Amino acid sequence: MPTAKVSNLAPDVQPRRRRIVITARAAASFDPLGRSVAAARAFVRDTLQGWGFADIVDDAVVLTSELVTNAVVHAGTRAEVLCLRTEDGVRVEVADRYPERELPLQHPGERPYADPDRESGRGLMLCAALATRWGVEYTGTHKHVWFRLDLPDRPVGTRSAGPVVPDQLLPLADNRVRVAVLQIDSADAVSAWNEDAEHIFGYPAEKAVGRPLAELAAWPQTPGTGTGIAEALRLSRWEGSYGIRGADGRVIPVYASHLRVRDAHGEPSIVCLLVHDDERALLQTPVRVPGDGGQLTEPRPTDPFEVFIGSPAPDDLDGLLQRTVERARDLLDADAAFLLLATDDETELEVRATTGLPSTRQRFARVPVEAGTSRYGSARMPAVHDDLTAVPGAVPLLESTGMRSVVTVPLKVEGRLTGSLGVAAEVPGRYSNEQALRLQFAADRIALAVESARLGELERLRRGSLSFLVEASDLLAGTLDRDQTLALMAQMTVPTLATWCAVYTIADQSSDPYLSYVLHEDEERIDGLKDLLSRVSPPEPVREAGARPWPEATLAVGGETVVLPLLARNRVIGMLTLGKPSEEHFRQEILELAEDLSRRAALALDNARLYSERTAISRSLQRSLLPPGSPAIPGMEVEVIYRAAGEGNEVGGDFYDVFPIRDGAYGFAIGDVCGTGPEAAAVTGLARHALRLLAREGLGGPAVLERLNAAILDEGARSRFLTLLYGELHPQPDGGALMKVVCAGHPLPLRLRPNGDVSPAAEPQPLLGVIDDLDLYEETLTLDPGDVLLCVTDGVTERREGTRMLGDDGLAEVLTTCTGLTAGAVASRVLRAVERFAAEPASDDMAILAFRVPHQREGD
């Protein structure tokens, strides 16, 4: 597609026909966000400062700010900023993606487009006022606004050795070239100040010696990026540009070369050589690049490190980091490169990307930040190591890799250490401080993007971890079965957190750990893994939380193995063991997630244990409250059906009993304590045992119930009222049965005749546990052969389905259908009718007690 071009030249500048040589290039892209304007300003400022163009930095930053604002704020597109260094100036291009937004043309009578009172056009007005040249170019995909700033007429220092040039083109210098020599002591204060320093800066030695260099230096540094003066003074050597505040208050641009040495007493100090910035060629170290005969040449026209990541940038953190280390290695012609990211607390660095190193072995390994044995030295500032064999442990990541020289620089965001980038070579002495500064420049460009991607990944991990733990908690809370809890624990661990898992449990403090459950992501390897682990002594129970290595299992199984204690209620109830194959390592985030899971799983496992123990105790106690069995009564059929409401309950508020009193006499009872559950069961036990004891003392029915009433009232606040049907049964020689009954507030017993007639067999009297003075009486009835006496609790008669209730009439209707049935069949039919009356499970205890006098033929 043809390119449309609009150019505007300043009125006092005429076009010149000459070839422009580009000596350096830097580029960056900025998202359509408000903060991108500040980032673009910092990018241009740092770039021009690095090129030594301090004289035009302010104008360039102002123009860039306006043009990037137009792109990312007003046009709403990404802005692409390109800085080009030439022999006598700099050109800055700002491109957006709206080529159809043509430059507005002024028509007669209209307001000028470059009006200070309008937002649009203001950047172009500033270009016209400040730039040597400026223009707008259109392509099919972009609009470019560019401006050029020429350097002021002043001598420019020679960059490096080069070809012979005419004398008139040589840089100008004073009659005497002066080199200021300063010495800085271990406290960063000036300890020596030569005559040239006094001449250049205006301070006599007595005014300068003893002052910290930081008081004199105007250090060009963007906050949160680059190297500060204190950090630079800690490097073994350093060179670059900054300013010195002279005695008259002016800032004098200088080029400096620092060398850190030791004096005769072994104390460190820094020797600083400083010249005027336009005489930097005297001190500046030429860049050595491969060439014929190892000659010193100019840097390559396009520096891949300054267009570091390339476009489009990877949209994921791992891709961004991997491309970063690959570009770093290629740029400095290195054998390896690596990038580490800081942990949340910034106390450790974690290996996240490598090239030229065994990345699978090193990935996610961690090293401390602070200097010391086996620690990552000088992580917070650039460092150059000429020979790692001379400083063992300086870069733990490179141990046993064959690398000899290395340069590392920090990644910082707003002054915080967020990572470290390094390149390494197999030969010593490969890298210089100049290359460290170039690496730092690139690291500053990518630090914000890396931190943003890291935070995004961390947020995704946290959301995923939270969802995982919520789901795990729900699953673990949904069961109180020990075996199911063990299975859930392992299934949630494999393969989400580990390749395999083993759970050891400890029955009590005197027991050894027992291998209770093993799971592998490959089901065919479970038996083999179990066999290998059975040959190894179990891990030692340790109370300290957190994952710890298990070397014995690592030797037996292979790979990496860690153990996490299962801590619940201040004791170790087991261990959770996780394993990965040899080529993989556990990330710290995974271990922290596993630790959270182990806490929840331990509590669930202990809850299952407690539930099993208490259930066993409860059932044992409940069984002790049930009658040992109904006695065989000559000439009578007796059937009992009992259902306690509530899961796990065998005894509730309803109870029954049939027991011998003396020869030829039997007692029976069916009652209902107010409420259900353990409290009601306690009164049930009291009533049943008291009835047997009192009846065997020879007391009649009314006396037995009156004494039981007194015993219930003696329980005080724990007492509960009780309905009770109590009677004595005396089988008769002729085949019938004499019964004496007292119905204290209980549903009336029903008598079924062989002809189908159903009628109440007693009258209602006051219930027990309410008043002290009871006046009870005994009723007598005779059961003839074929007669049935049905006794139930109110769980039967009060069975409900919505607003409907079975009631006394409904029970009587069911009983009329039971003529000719045995006592067992009668009780079963009544229970079946109650269950079918409503769809929902019964919410109240039920007891059914049926007596029947068989005909003589049936008894034969």
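Residues numbered from 1 in each chain as written. Predicted model: local features only at pLDDT ≥ 70, side-chain atom pairs only at ≥ 80, totals over all residues. Heavy atoms only, no water.

> Would you take a moment to explain the pairing of strand E5 (residues 133–138) for this structure?
Regular strands place side chains that alternate from one sheet face to the opposite one. Burial analysis of E5 places six of its six residues in the buried class, the great majority of the element. Of the two faces of E5, the one lined by Arg133, Gly135 and Glu137 and the one lined by Trp134, Val136 and Tyr138 are each fully buried. (Buried < 20%, exposed > 50% of the residue type's maximum accessible area, 1.4 Å probe, protein only. Helix = DSSP H or I, 4+ residues; strand = E, 2+ residues; numbered from the N terminus.)

> Can you walk me through the environment of Arg662 in this structure?
As for its placement among the helices and strands, Arg662 is situated in strand E25 (residues 654–662). In sequence terms Arg662 and Arg696 are 34 residues apart; their C-alpha atoms lie 7.3 Å from each other. Sequence-distant contacts of Arg662, defined by excluding residues within four places in its chain, comprise Glu728 and His730. (Contact = heavy atoms within 4.5 Å.)

> Sorry, what's going on with the packing of aromatic side chains here?
For any pair of aromatic rings, the description rests on two quantities: the centre-to-centre distance and the angle between the ring planes. Counted by the stated rule, this structure contains six aromatic pairs. Ring plane angle 80 degrees and centroid distance 6.2 Å describe the contact between Trp193 and Tyr203, whose orientation is recorded as edge-to-face. In this pair, Trp193 sits in strand E8 (residues 190–193) while Tyr203 sits in the loop between helix H4 (195–201) and helix H5 (205–208), placing the two residues 10 residues apart along the sequence. Consider the rings of Tyr504 and Trp550, whose centres lie 6.0 Å apart with planes at 80 degrees: the pair is edge-to-face. One end of the pair, Tyr504, is in strand E19 (residues 500–505); the other, Trp550, is in the loop between strand E21 (548–549) and helix H13 (551–557), with 46 residues separating them in the sequence. Each member of the pair, Tyr504 as well as Trp550, is classed as buried. Grouped by ring-pair contacts, the aromatic residues Trp193, Phe201 and Tyr203 constitute a single cluster. Its end group placed over the ring of Trp146, Arg91 keeps NZ or CZ at 4.2 Å from the ring centre. Directly above the aromatic system of Phe441 lies the positively charged group of Arg445, at a separation of 5.1 Å from the ring centroid. (Phe/Tyr/Trp six-rings, centres within 6.5 Å; stacked < 30°, edge-to-face > 60°. Lys NZ or Arg CZ within 6 Å of the ring centre and 35° of its normal.)

> Honestly, helix H18 (residues 807–816) in this entry has me stumped. Any pointers?
Helical geometry: 3.6 residues make up each α-helical turn, so side chains three or four residues apart lie on a common side. Buried within H18 we find Gly807, Gly810, Leu811, Ala812, Val814 and Leu815. Here the buried face of H18 lies against strand E29 (750–752), strand E30 (758–760), strand E32 (788–792), helix H17 (794–797), strand E34 (804–805) and helix H19 (823–837).

> How do you make sense of the state of the cysteines when you look at a structure like this?
Each disulfide consists of a covalent bond between the sulfur atoms of two cysteine residues. A full pass over the atoms with the stated rule returns zero disulfides. With no disulfide partner, Cys743 has as its closest neighbouring cysteine sulfur the one in Cys791, 8.7 Å distant. (Disulfide = S-S within 2.5 Å.)

> What is the right way to read helix H8 (residues 317–331) from this model?
Helix length check: H8, at 15 residues, gives a terminal C-alpha distance of 21 Å against a target of 21 Å (1.5 Å per residue), a fit within 8%. Regarding H8, the residues found buried are Leu317, Leu320, Leu321, Thr324, Val325, Ala328 and Leu331. The buried residues of H8 occupy an angular sector of 135 degrees when projected down its axis, which confines them to one face. In this structure, the buried side of H8 is in contact with strand E13 (336–342), strand E14 (348–355), strand E18 (416–425) and helix H10 (433–477). Count one or two residues on from H8 and you reach Asp333, which has phi positive near 50 degrees. (Expected span 1.5 Å × (residues − 1). Arc of directions from axis to C-beta.)

> Help me understand the pairing of E13, please; the structure alone is not making it clear to me.
Across the seven residues that make up E13, a large majority, seven, are buried. Burial of E13 is two-sided: the residues Ala336, Phe338, Leu340 and Ala342 facing one way and the residues Ala337, Leu339 and Leu341 facing the other way are all buried. Pairing analysis gives six bridges linking E13 to E18, with the strands arranged antiparallel. Bridge pairing links Ala336 to Ala424 in E18. As defined by bridge partners, E13 adjoins E14 across six bridges and the pair is classed as antiparallel. Among the inter-strand pairings, Leu340 is bridged to a residue of E14, identified as Val351. (Pairing = 2+ DSSP bridges.)

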